Amino acid sequence: PEGEMMEIYAPTGNTGEPQRSLAAPIPVLNGVSLGILDNTKPNARVLLDRLAKRLTERVGLTLAKAEVKNAALAAPDQVLESLSKEVQVVLTASAD
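Owing to the predicted nature of the structure, the values given are computational and were not obtained by experimental measurement. (Residues numbered from 1 in each chain as written. Predicted model: local features only at pLDDT ≥ 70, side-chain atom pairs only at ≥ 80, totals over all residues. Heavy atoms only, no water.)

## Focus: the side chain of Asp-38
The line we're drawing: Comment: elements are numbered from the N terminus, with helices defined as DSSP H or I runs of at least four residues and strands as E runs of at least two. Relative accessibility thresholds used throughout: buried, under 20% of the residue-type maximum; exposed, over 50%; partly exposed, between the two (1.4 Å probe, protein chains only). Pairs of N or O atoms are called polar contacts if they sit within 3.5 Å, as long as, within protein, a hydrogen donor faces a hydrogen acceptor (for residues adjacent in sequence, only side-chain-to-side-chain pairs). By definition in these notes, contact holds between two residues if any of their heavy atoms fall within 4.5 Å.
Within the secondary structure, Asp-38 sits in strand β1 (residues 33–38). By relative accessible area, which is 3% here, Asp-38 ends up buried. Of note is the side chain of Asp-38, whose polar atom sits 2.9 Å from the side chain of Arg-45. Beyond its immediate chain neighbours, meaning those up to four positions away, Asp-38 contacts Ala-44, Arg-45, Leu-48, Ala-66, Glu-67 and Val-68.

Put into structure tokens, the structure is as follows:
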């Protein structure tokens with residue numbers, strides 16, 4: 001309507017610091033335990049399984065799998081804790 005003011009918001013702001021930092025890369029994957037973190041998005045498991053199979057064939061990895069039921073949320077602490085006790089590297093992906 002005429003005379004009504006429109007307020008426009010800028011989509012900028014402070015995003016804050018990340019909660020966790022990434023670990024240093026592992027230079028050699030031979031003999032490493034690999035974790036698969038599946039977020040249950042369509043085709044994520046297919047992609048992760050294929051990548052894990054190729055890596056396992058190439059460098060002799062051992063494999064552990066975990067599944068997260070909600071792709072919209074970060075993996076629960078208990079899932080991450082469990083994986084961190086079993087593996088040195090985690091592979092995750094999002095697919096549709």
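## Quick look at the sheet that holds β1
Cut-off, in case you're wondering: In this description, strands pair whenever DSSP reports at least two bridges between them. With axes taken as lines fitted to C-alpha atoms, and helix axes fitted only over the stretch in contact, angles between N-to-C directions fall between 0 and 180 degrees.
Spatially, β2-β1-β3 is the arrangement adopted by the 3 strands of the open sheet, whose pairing is parallel. Either end of the sheet is taken by a strand with one partner, and the two such strands are β2 (62–67) and β3 (89–93). Within this sheet the neighbouring strands show an average axis-to-axis angle of 25 degrees, counted without direction. Examined bridge by bridge, β1 and β3 share 5 bridges and lie parallel to one another.

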